[in-house]
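Below are the chains, spelled out letter by letter.
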Amino acid sequence: QVQVVESGGGLVQPGGSLRLSCTASNRILNKFTVGWYRQAPGKQRELVASLTTGGTINYTDSAKGRFTISRDNAENTVYLQMNSLKPEDTAVYYCNAQWLVSSYWGQGTQVSVSS
């Protein structure tokens, strides 16, 4: 069974930065498309950024220019660097690893942006 684990969340002031990390067992991340999603209270889960094995990157409009997704194959880790954070970025952030019909989710990490 594949386990996906997120880390790096926390409380930060508006304008601050956080770097989220996503790792997985069986060293699968370099073989899967990885997406960072978030879910705020009372809202649907939404895709924030994704990175394919071929290096194609997509961001939701609200993340463009502020967030950067990257992969370190040697460390089997995918990062989400988040800068210029806003209160509306507050959510639980989830990592998803997907390849064909296989899809694995982590338990999420809380990001709170507040003064």
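Model, not experiment: these values are computed from the prediction.

Peer 1: For this particular structure, what's the right way to read the overall build of the protein?
Peer 2: Across its full length, the protein carries zero helices and 11 strands. When the helices and strands of the protein are read in sequence order from the N terminus, they spell out β-β-β-β-β-β-β-β-β-β-β. The C-alpha radius of gyration computed for the protein amounts to 13 Å, which stays within 12% of the reference 13 Å derived for 115 residues, consistent with globular compactness. The C-alpha extent of the protein, read off along each of the three principal axes, is 40 × 25 × 25 Å. When burial is assessed residue by residue, the protein has 39% of its 115 residues classed as buried. If you sum the accessible surface of the protein, you get close to 6200 Å²; carbon and sulfur atoms cover 45% of it.

Peer 1: Please explain the sheet that holds strand E3 (residues 18–24) as it appears in this structure.
Peer 2: Strand-to-strand pairing in sheets goes through backbone hydrogen bonds, with the strands running parallel or antiparallel. Taken in spatial order, the four strands make up an open sheet running E1-E3-E8-E7, and their pairing is antiparallel. In this open sheet, the two edge strands, each paired with only one partner strand, are strand E1 (4–7) and strand E7 (67–72). Strand-to-strand, the axes of this sheet are offset by a mean angle of 15°, without reference to chain direction.

Peer 1: Explain the state of the cysteines here, please?
Peer 2: What makes a disulfide is a covalent bond joining the sulfur atoms belonging to two cysteines. Taken as a whole and assessed by the stated rule, the structure comprises one disulfide. For Cys-22, the disulfide goes to Cys-95, at an S-S distance of 2.0 Å. Taking the sign of the S-S torsion, -75° for the link of Cys-22 and Cys-95, the bridge is left-handed. Taken as a pair, Cys-22 in strand E3 and Cys-95 in strand E9 (residues 91–99) lie far apart in primary sequence, 73 residues in all. Like Cys-95, Cys-22 is buried.

Peer 1: Can you walk me through a nonpolar patch on the surface in this structure?
Peer 2: Where nonpolar side chains cluster on the molecular surface, the patch consists of Trp-99, Leu-100 and Val-101 and spans about 410 Å² of accessible area. Its place among the elements puts Val-101 in the loop between E9 and strand E10 (102–105). Residue Val-101 is classed as exposed on the basis of its relative accessible area of 85%.

Peer 1: What is the right way to read the pattern of salt bridges from this model?
Peer 2: Where charged atoms from two side chains of opposite charge come close, those side chains can pair. Enumeration over the complete set of coordinates arrives at four salt bridges. Among the ionic pairs, Asp-89 bridges to Arg-38, the shortest N-O distance being 2.9 Å. With Asp-89 in the loop between strand E8 (77–82) and E9 and Arg-38 in strand E4 (residues 33–39), the pair connects residues that are 51 residues apart, well separated along the chain. Here Arg-66 and Asp-89 are joined by a salt bridge, their closest N and O atoms 2.8 Å apart. Taken together, the positions of Arg-66 in the loop between strand E6 (57–59) and E7 and Asp-89 in the loop between E8 and E9 put the pair 23 residues apart, joining distant regions of the chain. With relative accessibility at 0%, the residue Asp-89 sits in the buried group. Salt bridges here are not isolated pairs; linked through shared partners, they connect Arg-38, Glu-46, Arg-66 and Asp-89.

Quick notes on the rules
- Residues numbered from 1 in each chain as written.
- Predicted model: local features only at pLDDT ≥ 70, side-chain atom pairs only at ≥ 80, totals over all residues.
- Heavy atoms only, no water.
- Helix = DSSP H or I, 4+ residues; strand = E, 2+ residues; numbered from the N terminus.
- Rg over C-alpha atoms; globule rule 2.2 N^0.38 Å.
- Buried < 20%, exposed > 50% of the residue type's maximum accessible area, 1.4 Å probe, protein only.
- Areas by Shrake-Rupley, 256 points an atom, 1.4 Å probe, with all protein chains shown as cover.
- Pairing = 2+ DSSP bridges.
- Axes fitted to C-alpha atoms, helices over the stretch in contact; angles between N-to-C directions.
- Disulfide = S-S within 2.5 Å.
- Patch = residues over 30% accessible without salt bridge, like charges linked within 9 Å, V, L, I, M, F, W, Y side chains within 5 Å.
- Salt bridge = Lys/Arg side-chain N within 4 Å of Asp/Glu carboxyl O.

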